[in-house]
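Geometric and topological summary
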Amino acid sequence: FILGDPDNLELTDKILTLGWTPPEPKSEFDVLPVVIHLPGHRPKMFELPKEYVHEVEITHPKYPAFADLKLKWAAVPAISSFNLELGGVDYMC
């Protein structure tokens, strides 16, 4: 049984091996910690304090029942698992 975004299952598993403990009770919208991994160094994990996690409930003006899905959007000013290649240089995010 997968709780949350199945596209992030591998990432979540890796973060768990770094020692992250998910909140209890678990939910579909648990916020993963920020992980910074530089070549030649061990990954470092940073929990985001709750006051810095901004979530927006998703609704629709024409379809009020959409709110019954209880979907959320996390406003995160970061890009993860992204590779930008410029001039033959790889910039990993």
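As shown above, the structure is provided for reference.
Residues numbered from 1 in each chain as written. Predicted model: local features only at pLDDT ≥ 70, side-chain atom pairs only at ≥ 80, totals over all residues. Heavy atoms only, no water.

Glancing now at the pattern of salt bridges. Pairs may arise between side chains of opposite charge once their charged atoms sit close together. Evaluated as defined, the whole model comprises 2 salt bridges. With a closest N to O distance of 3.4 Å, Lys-14 and Glu-10 form a salt bridge. Here Glu-10 and Lys-14 lie together in helix H1 (residues 9-17), a separation of 4 residues that amounts to about one turn. Judged by relative accessible area, Glu-10 falls into the exposed class, the value being 57%. Between Glu-55 and Lys-72 there is a salt bridge, with its nearest N and O atoms 3.5 Å apart. Of this pair, Glu-55 sits in strand S3 (residues 54-57) while Lys-72 sits in strand S4 (residues 72-75), and the two are 17 residues apart along the sequence. Judged by its relative accessible area of 37%, Glu-55 is partly exposed. (Salt bridge = Lys/Arg side-chain N within 4 Å of Asp/Glu carboxyl O. Helix = DSSP H or I, 4+ residues; strand = E, 2+ residues; numbered from the N terminus. Buried < 20%, exposed > 50% of the residue type's maximum accessible area, 1.4 Å probe, protein only.)

Let us now look at the environment of Leu-11. Along the polypeptide, Leu-11 turns up in helix H1. Residues Leu-11 and Asp-90 lie 79 residues apart in sequence; the distance between their C-alpha atoms is 20 Å.

On to unusual backbone geometry, then. Going from Glu-24 to Pro-25, the amide bond is cis rather than trans, its omega being -5 degrees. Locating Pro-25 in the fold gives a position in the loop between H1 and strand S1 (34-36). Look at Lys-70: it is not a glycine, yet its phi comes out positive at around 55 degrees. Along the chain, Lys-70 falls in the loop between S3 and S4.

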